[in-house]
Amino acid sequence: MLCATPLNSPDFSTLTDRELEVLRLLGRGGSNRQMARWLGITERTTKAHISRIIEKLKITGRIEAIFLANYYHDALCTSAGCTSGLPKGQ
Ligand SMILES: [Zn+2]
């Protein structure tokens, strides 16, 4: 019997580097305006990236994207020594 998991594992490999970057920033609580500034792109482009992420991961929307970005932080984060992930276990 399989363990109950909160989500079907999303396939992050379908995302481009830029989309992964946007997803990580979403997880950090960035607004479209903040992310646009951080990435040096327009808000319109930021929204387009988010739409593509939602479409590719087959999720319901931005809130779920934020949840995934945090839940799978360790898989997504490329910063060595980053401690911003959710605590795993105790
Ligand atoms: Zn991190």
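What you are looking at is a predicted structure, and each value in this text was computed from that prediction instead of being measured.

With respect to the helices and strands, R52 occurs in helix α3 (residues 43–57). On the basis of neighbour counts, which here come to 16 C-beta atoms within 10 Å, the residue R52 falls in the partly exposed class. Residues R52 and L15, spaced 37 residues apart in sequence, show a C-alpha to C-alpha distance of 8.5 Å.

One broad trend across soluble globular proteins is that nonpolar side chains are buried collectively. Counting residues in hydrophobic clusters, the biggest one holds 12 residues: V22, L23, L25, L26, M35, A36, I50, I53, L57, A65, L68 and A69. Among the elements of the structure, α1 (17–27), α2 (32–39), α3 and α4 (62–71) are those that each provide at least two residues to this core. For this core, the element with the most residues is α1, which contributes four residues. Dropping the residues within four chain positions of it, L26 is found in contact with A65, I66 and A69.

Before going further, it helps to examine the environment of L25. In this fold, L25 is placed in helix α1. Accessibility expressed as a C-beta count within 10 Å gives 20 for L25, which makes it buried. Distance in space between the C-alpha atoms of L25 and I66 is 8.8 Å, their sequence separation being 41 residues.

Packing of α2 against α3 brings their axes to within 8 Å, and their N-to-C directions diverge by 105°. Here α2 lies roughly perpendicular to α3, going by the angle between them. Residues N32, R33, M35, A36 and L39 of α2 form the contact with α3, whose own contacting residues are E43, T46 and K47. Here the residues of the contact of α2 with α3 sort into three nonpolar, two polar and three charged.

About the cut-offs
Residues numbered from 1 in each chain as written. Predicted model: local features only at pLDDT ≥ 70, side-chain atom pairs only at ≥ 80, totals over all residues. Helix = DSSP H or I, 4+ residues; strand = E, 2+ residues; numbered from the N terminus. Buried ≥ 20, exposed ≤ 12 C-beta atoms within 10 Å, placed from the backbone. Core = buried A, V, L, I, M, F, W, Y, C linked by C-beta atoms within 7 Å. Contact = placed C-beta atoms within 7 Å. Axes fitted to C-alpha atoms, helices over the stretch in contact; angles between N-to-C directions. Parallel < 35°, antiparallel > 145°, perpendicular 65-115°, else oblique. Nonpolar A, V, L, I, M, F, W, Y, C, P; charged D, E, K, R; others polar.

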